[in-house]
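Chain and residue survey
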Amino acid sequence: MTAPHVKRAFKYRFYPTNAQAAELSRTFGCVRKVYNLALDARTEAWTRQERISYNQTSAMLTVWKKTEQLAYLNEVSSVPLQQCLRHLHAAFTNFFGKRAKYPRFKSRKTSRKSAEYTTSGFRFRDGRLTLAKMTEPLCIRWSRPLPEGAKPSTVTVSQDASGRWFVSLLCEDTSVVPLPATSAEIGIDAGLEHLVTLSTGEKIANPRHERKDRARLALAQRRLAKKAKGGGTNRAKAQRKVAEIHARIADRRRDGLHKLTTRLARENQTLVIEDLAVRNMVKNHRLARAISDVAWRELRRMLEYKCAWYGRNLVVVDRWFPSSKLCSACGTLQGKMPLHVRTWTCDCGTTHDRDVNAAKNLLAAGRAVTACGADVRPQRSSPGGQSAMKQEVSRREP
């Protein structure tokens, strides 16, 4: 089987000099300014029932650079400024296609600090990356090698809230090869007590990364709350401390999900998961923290692209499928099942673990979908009916 041409981003941490940090900070500010100006112009045209194209905003950028108020835009590379206009145009395309909400203005405090360079805005030779308007290459910590012979098509530089600098190189990776086909199939039931429960009976514990650092995070947030609001350096230090703890939690969560999803995608030919309305679930304020910590949406996203890489099949079962209350042995649908019932016995005499039974039912439903495209959605008894997963997250997380 031939290797697919996969566009893959390789992200590394780097340590800029003071001059490079100042140049990049100016670039971030100019990118944000141009984006907001273009969004304001397109919004004004939208109120007149008119549409502005990317070419028109690009012409506006040329005019803005010639004004006295915006002459500082000439001090940074024009490539990231053009790229932010392309990103804005893509955002409007998604909005008009009803795939996204209306674009929002970028905030100096809360928006992501980033700038994207195309091939005309950087030089990559012998493992040394030099950006436009800079004389020295970036000091990058190459934590893993790039694919052999890879040439970055775009380079994205960013700085997170904790002050760390990152560079992401988008390359064509031919090393991603579909794995040999296997007969293994797995049903995956997500939860809060356990991160996932597999149809094989294996249960992956919920690492609860946020809970492990909750005391440190609460202390840092209390110290931040006591700092006077304004431009003081003490408040900025306290904000960075909070951001560092959040970054530590996110890094550990992402690392754990990568290891889990890679293992599942490599070992199984077919993976079956449940479609979860995470956006609706987090509206439950008692459970929003716990649901956000398990990161079900990120788990699904990783499974989607890794299954595509390795030639695996990912089947998504409808969220209303009663996986927990359906006997995986005889197919009998039980009535009400309180959440404190973690094991139950069917009339056929089979004793089930609630989560393992749900994973087995998801696997069976996934097989039906794969075989004949069967509809696994049950008839809802009432408009207020809930799926098994919705019931699972109705418990108050301790």
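None of these values were measured; they are calculated from a predicted model.

1. Notes on the confidence of the model for the chain
- Averaged over all residues, the pLDDT of the chain is 87; the fraction at 70 or higher stands at 92%.
- By mean pLDDT, the top-scoring element of the chain is strand β6 (residues 154-159) (97), and the lowest-scoring one is helix α11 (residues 388-392) (47).
- Throughout residues 376-390 the model reports pLDDT below 50, and contacts reaching past four residues in sequence, or to other chains, amount to 28 contacts.
- Per-residue pLDDT stays below 50 along residues 394-398; that stretch engages in 16 contacts with residues further than four places along the chain or on separate chains.

2. Brief notes about the domain arrangement of the chain
- According to the domain assignment, the chain consists of domain 1 (6-173) and domain 2 (185-372).
- Computed from C-alpha atoms alone, the centre-to-centre distance between domain 1 and domain 2 is 33 Å.
- Contacts between the two partners involve six residues from domain 1, matched on the other side by six residues from domain 2.
- Buried area between domain 1 and domain 2, both sides added, is near 530 Å², and the carbon and sulfur share of it is 59%.

3. With respect to the UniProt feature "domain: Transposase putative helix-turn-helix" (unreviewed entry) in the chain
- Annotation from UniProt places "domain: Transposase putative helix-turn-helix" (unreviewed entry) at residues 6-49.
- A distance of 39 Å separates the end C-alpha atoms of residues 6-49, which is 68% helix and 20% strand.

4. Details of a positive patch on the surface
- Together, Arg108, Lys109, Lys113, Lys229 and Arg240 make up a region of like positive charge exposed at the surface.
- If you trace the backbone, arginine 108 turns up in the loop between α3 (78-96) and β2 (113-118).
- On the basis of relative accessibility, which here comes to 57%, the residue arginine 108 falls in the exposed class.

5. Here we look at the sheet that holds strand β5 (residues 140-141)
- A sheet is described by the order of its strands in space; here five strands give the open sequence β2-β6-β7-β1-β5, paired in antiparallel fashion. Each edge of the sheet is formed by a strand with only one pairing partner; in this case those strands are β2 and β5.

6. What about empty space enclosed by the protein?
- Enumeration according to the criterion identifies two cavities of 30 Å³ or more in this entry.
- Quantified by volume, the second largest cavity comes out at close to 40 Å³.
- Lining the second largest cavity, in full, are Arg42, Glu50, Arg51, Ile52, Phe92 and Phe96.
- The residue inventory of the lining of the second largest cavity, partitioned by class, reads three nonpolar, no polar and three charged.

How each quantity is defined
Residues numbered from 1 in each chain as written. Predicted model: local features only at pLDDT ≥ 70, side-chain atom pairs only at ≥ 80, totals over all residues. Heavy atoms only, no water. pLDDT = per-residue confidence, 0-100. Helix = DSSP H or I, 4+ residues; strand = E, 2+ residues; numbered from the N terminus. Contact = heavy atoms within 4.5 Å. Domains from an automatic or database assignment. Buried area = accessible area lost by both parts, 1.4 Å probe. UniProt positions renumbered as here; feature names shortened; annotations may be inferred. Patch = residues over 30% accessible without salt bridge, like charges linked within 9 Å, V, L, I, M, F, W, Y side chains within 5 Å. Areas by Shrake-Rupley, 256 points an atom, 1.4 Å probe, with all protein chains shown as cover. Salt bridge = Lys/Arg side-chain N within 4 Å of Asp/Glu carboxyl O. Lys, Arg positive; Asp, Glu negative; His and termini not counted. Charge placed at Lys NZ, Arg CZ, Asp CG, Glu CD. Buried < 20%, exposed > 50% of the residue type's maximum accessible area, 1.4 Å probe, protein only. Pairing = 2+ DSSP bridges. 1 Å grid on protein atoms, 1.4 Å probe; cavity = no way out; pocket = protein on both sides within 12 Å on 5 of 7 lines; lining within 4 Å. Points joined across faces, edges and corners; volume = space filled by probe spheres on them. Nonpolar A, V, L, I, M, F, W, Y, C, P; charged D, E, K, R; others polar.

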